[in-house]
Amino acid sequence: MVGGDGKLPLPWLESWLGEALRTQRGHALLIHGPQGIGQWQLSLTLAQAWLCEGGQGGPRPCGHCAACRMVQARSHPDLLVLIPEALQAPLGWTLADTEGEVAEAGSKKQPSKEIKVEAVRAAVAFAQTTAAREAGKVVVLHPAERMNGISANALLKTLEEPAGTARFILSCSAPEALLPTIRSRCQAFALKPPTADLAAEWLAGQGVAQPAIVLAAAGGQPLDALDWVREGLDAKLWQQLPALMQRGDAAALAGWALPRAVDALQKLCHDVACVSAGAAPRFFPAAALPAQPDVRRLLAWSRELARAARQAEHPLNAGLAIEALVTQAQRALAANAAPGPARRALSVHSAA
Ligand SMILES: [Zn+2]
């Protein structure tokens with residue numbers, strides 16, 4: 001969303017926004033791309049641009065007309081944003097205007113990670129009523145893949161037979177998780193990550209040290225990189241991580257959220273396989289990585305990590321799970337004294 005200063009929330013949004021405004025046709029847009037590059041920011045800014053009542057010829061959204069100010073205050077009568085309860089705080093967007101979500105706000109239940117059918121039905125009803133102002137209505141769903149089957153079916157009819165002037169923005173990082181019938185009703189708009197230079201410059205502006213290292217750690221996804229830094233990742237630790245894992249140093253990952261630890265080790269496994277095959281690594285600096293020519297060991301490790309990833313959201317004991325992961329990593333990264341099956345006794349004593 002563009003603030004009163006007229007500035008875009010992310011510098012690389014300008015080209016995306018221009019293209020989306022130029023090429024948009026129809027009433028439903030499916031914005032998709034990797035997580036953590038700015039789908040949410042683009043969706044909201046595009047909605048604001050459509051609703052903006054600023055003078056002709058100037059940039060849209062202008063940031064200071066009455067409509068823009070209402071979007072900034074989350075009070076525009078023609079904008080409805082659907083996000084799961086669990087994302088309201090992280091995205092800084094409270095859904096004061098969706099009845100289904102508010103009804104449960106006072107309860108002690110875990111915040112829902114889904115876009116619920118009640119919220120979608122409210123959005124359908126919203127889209128069918130007349131706009132309060134002149135620019136029509138806009139509904140934003142983020143992330144659209146968080147609709148369950150019932151929610152998606154509730155939306156489908158409206159996408160098939162649009163009523164009035166409502167436009168829909170579905171933002172998504174896993175379009176394959178959407179119903180094919182939903183996908184086929186939307187104009188697809190694919191986002192490519194910003195260039196590494198632009199993303200690193202933006203991260204530096206957010207106070208991140210060695211931004212290029214952290215950006216690579218997050219797979220080139222700058223918003224994810226920033227979140228991770230705020231959770232405690234730093235570039236120095238990232239560069240030391242391969243050696244620490246080779247030594248079996250579980251303290252290096254102490255306090256990490258389990259999904260983050262599994263993700264980091266999957267990236268390490270990927271990169272060790274790359275350098276061992278003579279290819280460039282993607283997430284770690286090449287100089288930080290040990291070689292492991294024993295392909296079977298790397299394969300076994302990647303299978304263990306895939307299993308851990310499936311269970312990472314619901315660990316019985318995250319601390320124990322991380323220790324087990326580090327033991328696996330140490331075994332997988334142990335140097336080979338001789339070709340042949342992995343030798344446990346050797347791996348225990350090998351250091352980086
Ligand atoms: Zn405006």
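Each remark here, short or long, concerns the structure printed above.
Residues numbered from 1 in each chain as written. Predicted model: local features only at pLDDT ≥ 70, side-chain atom pairs only at ≥ 80, totals over all residues. Heavy atoms only, no water.

Here we look at the packing of aromatic side chains
To be explicit about the condition: Centres within 6.5 Å make a pair out of two Phe, Tyr or Trp rings, where for Trp the six-membered ring is used; the pair is then stacked when the planes are under 30 degrees apart, edge-to-face when over 60, and tilted otherwise. Secondary structure follows DSSP: runs of H or I at least 4 residues long count as helices, runs of E at least 2 residues long count as strands, and numbering of each begins at the N terminus. Partly exposed describes any residue whose relative accessible area lies between the buried limit of under 20% and the exposed limit of over 50%, with all areas from a 1.4 Å probe on protein chains only and scaled to the type maximum. Ring-over charges, as used throughout, are those where CZ of Arg or NZ of Lys falls within 6 Å of the ring centre and within 35 degrees of the ring normal.
Counted according to the given criterion, the structure contains 5 aromatic pairs. Seen from their ring centres, Trp12 and Trp202 are 5.4 Å apart, and the 85° between their planes marks the pair as edge-to-face. With Trp12 in the segment before α1 (13-23) and Trp202 in helix α9 (residues 196-205), the pair connects residues that are 190 residues apart, well separated along the chain. Relative accessible area serves as the criterion here: at 4%, Trp12 is assigned to the buried category. For Trp202, a relative accessible area of 12% puts it in the buried group. Ring centres of Trp40 and Trp93 lie 5.9 Å apart, and the angle between their planes is 80°; this geometry places the pair in the edge-to-face category. You can see Trp40 sitting in helix α2 (residues 39-51) and its partner Trp93 sitting in the loop between α4 (85-91) and α5 (99-103), a full 53 residues away along the chain. Neither Trp40 nor Trp93 differs from the other in exposure class; each is buried. Here the aromatic cluster, defined as three or more aromatic residues joined through ring pairs, consists of Trp228, Trp238, Trp256 and Phe284. Here Lys137 stacks its cationic end above the ring of Phe126, 4.0 Å away from the centre of that ring.

Quick word on the layout of surface pockets
This is how the line gets drawn: In the cavity and pocket records, a cavity denotes points on a 1 Å grid over the protein atoms alone where a 1.4 Å probe fits but cannot get out, a pocket denotes an open set with protein on both sides within 12 Å along at least 5 of 7 lines, and lining residues are residues with an atom within 4 Å of a point. Grid points are joined across faces, edges and corners, and a volume is the space filled by probe spheres set on the points. Residue type decides the class: Asp, Glu, Lys and Arg count as charged, Ala, Val, Leu, Ile, Met, Phe, Trp, Tyr, Cys and Pro as nonpolar, and the leftover types, Gly among them, as polar.
Estimates place the volume of the largest pocket at around 1700 Å³. For the largest pocket, the lining is made up of 48 residues, of which Gln35, Gly36, Leu87, Asp224 and Asp227 are closest to its centre. Where the lining of the largest pocket is concerned, the elements lending two or more residues are α2, α4, β4 (167-172), α11 (222-230) and α13 (258-276). Tallying contributions element by element places α13 first for the lining of the largest pocket, with 6 residues. A class-by-class count of the residues in the lining of the largest pocket yields 22 nonpolar, 14 polar and 12 charged. Taken as a whole, the second largest pocket holds about 230 Å³ of empty space. Mapped onto the lining of the second largest pocket, the elements with two or more residues apiece are α14 (295-311) and α15 (318-333).

Examining the sheet that holds strand β5 (residues 187-190)
Two strands in a sheet stick together by hydrogen bonds in their backbones, pointing the same way (parallel) or opposite ways (antiparallel). Our working rule: Paired strands are those between which DSSP finds at least two bridges. Here the axes come from fitting lines to C-alpha atoms, over the contacting stretch only for helices, and the angles between their N-to-C directions go from 0 to 180 degrees. For this analysis, residues touch if any pair of their heavy atoms sits within 4.5 Å.
Pairing in this open sheet of 5 strands is parallel, and the strands run β2-β3-β4-β1-β5 from one edge to the other. Of all strands in the sheet, those with a lone pairing partner are β2 (79-82) and β5, marking the two edges. Taken pair by pair, the neighbouring strands of this sheet meet at an average axis angle of 15°, ignoring direction. Two elements, strand β1 (residues 28-32) and β4, share 5 bridges in a ladder whose sense is parallel. Each residue of the ladder has a partner; that of Leu29, found in β4, is Ile169. Docked against the sheet, α2 engages β1, β2, β3 (138-141), β4 and β5, running at close to 170° with respect to β4.

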